[in-house]
Amino acid sequence: MADGQRHPRKIGRFFHRRVADIVIAVAALFVSAISLWIGVRTENANEELVAGSTWPFLQVQVSNATPDSKQDLQFMVVNAGVGPAKIESFEVYWKRKPYRSARKLLLDCCGFKDILATSPEANYHTRLTTGTVQGTVLRAGDTKTFIHYPLGSDNLAVWGALDHARVQMSYRICYCSVLNECWRNPLAGEQYNPAQLRPEAVKSCPVPPVAYTQ
C-alpha cells in the first residue's frame, strides 16, 4: 500500500519537470526569436543609415546672371544630396534632339560662330567655355559647369538666343553612390516636374546613344 502511494508522486514530479523543461525551452526559443528579429531590424536600420548618409541627388541648374547682376549664362550640374555622385552618363537635349557638344547645340539653336581658340579672331570674341560631366565624381554640395557663356558686346544675338533656348532644353543623367546604388533621372529645363524629385533606381547606368561630352 505504501508503494502504491509513492508511485503517483513520482509520476507527478516527472510530469511537472517535463512541463517546466518545455516552458523553459519555449521561453528560450521565444527570446532567441526576439533577439534575431531585433538583430535583423538593427542591421536594416544601420544599412538604411549608411545609405542615407551617402545618398547623392543631382540636378541641373541654369542661371543667366551673376550675384552682382552681370548677365552671364551658366549651365551647371549640382549635387544637392549628402554623398558623392559617380556620374556614369549625361545627355543634353534641345527640342528633344540630343547633342554631343555645346558648340553644335549653339550652332543649331542660336547662330553661334565657332572661332578656334588658336585663331587671331578669338581674342576679339567672348569665349564659350564648356565642361565634361560624364565620367566625373561630384562631391555633396559641389557644382559642375558644362556651359558658360557671358554676355559681351560681340555676342548679343547669340547670347539672347541661348537665353531663350534654355527653356526648350532638357537633360538626362545617371549616377551612382559610393555604395554602387544607381539612379537615372530625366531633368526638365525651366519647367518644374515633380518626377525630377523621384529618380528611378537602376541596377546600372545604360550607355546613351548620344552622350554629351563638352
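Read on for a plain summary of the structure. (Residues numbered from 1 in each chain as written. Predicted model: local features only at pLDDT ≥ 70, side-chain atom pairs only at ≥ 80, totals over all residues. Heavy atoms only, no water.)

**Digging into the overall build of the chain**
Part 1 of the reasoning: A tally of helices and strands in the chain yields three helices and ten strands.
Part 2 of the reasoning: In sequence order, the secondary structure elements of the chain are arranged as α-β-β-β-β-α-β-β-β-α-β-β-β.
Part 3 of the reasoning: Relative to its full complement of 214 residues, the chain shows a buried share of 30%.
Part 4 of the reasoning: Here the analysis covers contacts within the chain between residues at least 6 apart in sequence; of these, 65% occur between residues at least 24 apart.
Part 5 of the reasoning: Here the chain displays about 13,500 Å² of accessible surface, and carbon together with sulfur accounts for 58% of that area. (Helix = DSSP H or I, 4+ residues; strand = E, 2+ residues; numbered from the N terminus. Buried < 20%, exposed > 50% of the residue type's maximum accessible area, 1.4 Å probe, protein only. Contact = heavy atoms within 4.5 Å. Areas by Shrake-Rupley, 256 points an atom, 1.4 Å probe, with all protein chains shown as cover.)

**Description of the pairing of strand 2 (residues 71–79)**
Part 1 of the reasoning: Extensive coverage of strand 2 is indicated by the burial of seven of its nine residues.
Part 2 of the reasoning: Sheet analysis places strand 1 (residues 58–65) next to strand 2, joined by seven bridges and oriented antiparallel. Looking at the pairing, Gln59 lines up with Val78 of strand 2.
Part 3 of the reasoning: Between strand 1 and strand 2, which pair antiparallel one after the other, the connecting turn spans five residues, and Ser69 there sits at a positive phi close to 70°. (Pairing = 2+ DSSP bridges.)

**Considering the state of the cysteines**
Part 1 of the reasoning: One pass over the full model with this rule turns up three disulfides.
Part 2 of the reasoning: The disulfide partner of Cys109 is Cys110, and the gap between their sulfur atoms is 2.1 Å. Across the S-S bond linking Cys109 and Cys110, the dihedral sits near -80°, which makes this disulfide left-handed.
Part 3 of the reasoning: A relative accessible area of 16% means that Cys109 is categorised as buried.
Part 4 of the reasoning: Its relative accessible area of 9% is what places Cys110 among the buried residues.
Part 5 of the reasoning: Each disulfide pairs two cysteine sulfurs, and for Cys176 the partner residue is Cys182, the sulfurs being separated by 2.0 Å. When the S-S torsion is 100°, as for the bridge of Cys176 with Cys182, the disulfide is right-handed. (Disulfide = S-S within 2.5 Å.)

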